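# Observations on the three-dimensional arrangement
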Amino acid sequence: MHDLDAPALLKKAMGLGLDDAICQVMEETIQMVRFSNNEITAAKEFTTVKARFFAAKGKKKMQFTLENLETLEEDLVQSVKLLERMQESRDYYGIAHGPFSYGSRSCDSRIKDVDAPDLASQAIEAATAERVAGVLSTVHRK
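Quick look at the structure, then.

Cut-offs and rules
Residues numbered from 1 in each chain as written. Predicted model: local features only at pLDDT ≥ 70, side-chain atom pairs only at ≥ 80, totals over all residues. Heavy atoms only, no water. Axes fitted to C-alpha atoms, helices over the stretch in contact; angles between N-to-C directions. Helix = DSSP H or I, 4+ residues; strand = E, 2+ residues; numbered from the N terminus. Parallel < 35°, antiparallel > 145°, perpendicular 65-115°, else oblique. Left-handed = near helix turned anticlockwise from the far one by under 90°. Contact = heavy atoms within 4.5 Å. Nonpolar A, V, L, I, M, F, W, Y, C, P; charged D, E, K, R; others polar. Core = buried A, V, L, I, M, F, W, Y, C linked by side-chain atoms within 4.5 Å. Buried < 20%, exposed > 50% of the residue type's maximum accessible area, 1.4 Å probe, protein only.

Two quantities define a packed helix pair, namely the angle between the helix axes and the distance between the axes. Between helix α1 (residues 6-14) and helix α2 (residues 72-82), whose axes approach to 10 Å, the crossing angle comes to 40°. As judged from the angle between their axes, α1 and α2 are oblique. Of the two possible hands of crossing, α1 and α2 adopt the one that is right-handed. When α1 is examined against α2, the residues Leu 9, Lys 12 and Ala 13 are found in contact with a partner set consisting of Leu 72, Glu 73 and Leu 76. Along the lines of polarity and charge, the residues of the contact of α1 with α2 split into four nonpolar, no polar and two charged.

As structure tokens, then:
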């Protein structure tokens, strides 16, 4: 897993003089399989961790994503400084206050455990065309 803490990042962001901020830390595991002429030609899996922000000061607002964990705090400071250059939004009145109620969201939980190369092989075998090519990608996001 990652060592990013959304509440701690939010506290740092608010300490830079923001009026409103939202921080969402996401970890994505991505599998990509490329196949051509009925054969798998490349397969890779990688994991990324990123912090997505919404930031506002007065009527100025912006969204940004920070992905370089080594320079995250410096990048956060620089991103907030960019907010000063933004135009004011005529229709921003702050973040709505809750509590809110949301319906449940579901996804296919088997995606995180799928073997993408095996799935691509099954697709190649099931194809009725003489030759097949394509890319299979899976994304599991936490």
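With that settled, consider the nonpolar core. As a rule of thumb, soluble globular proteins bury nonpolar side chains together. Grouped together as the largest cluster of nonpolar side chains are 18 residues, with contacts concentrated most on Leu 9, Ala 51 and Phe 53. The set of elements that each furnish at least two residues to this core consists of α1, β1 (20-36), β2 (39-57), β3 (60-66) and α2. Broken down by element, the residue count for this core peaks at four residues, all from β2. The next biggest cluster of nonpolar side chains, apart from the first, holds six residues, and it includes Val 33, Phe 35, Ala 116 and Ile 124.

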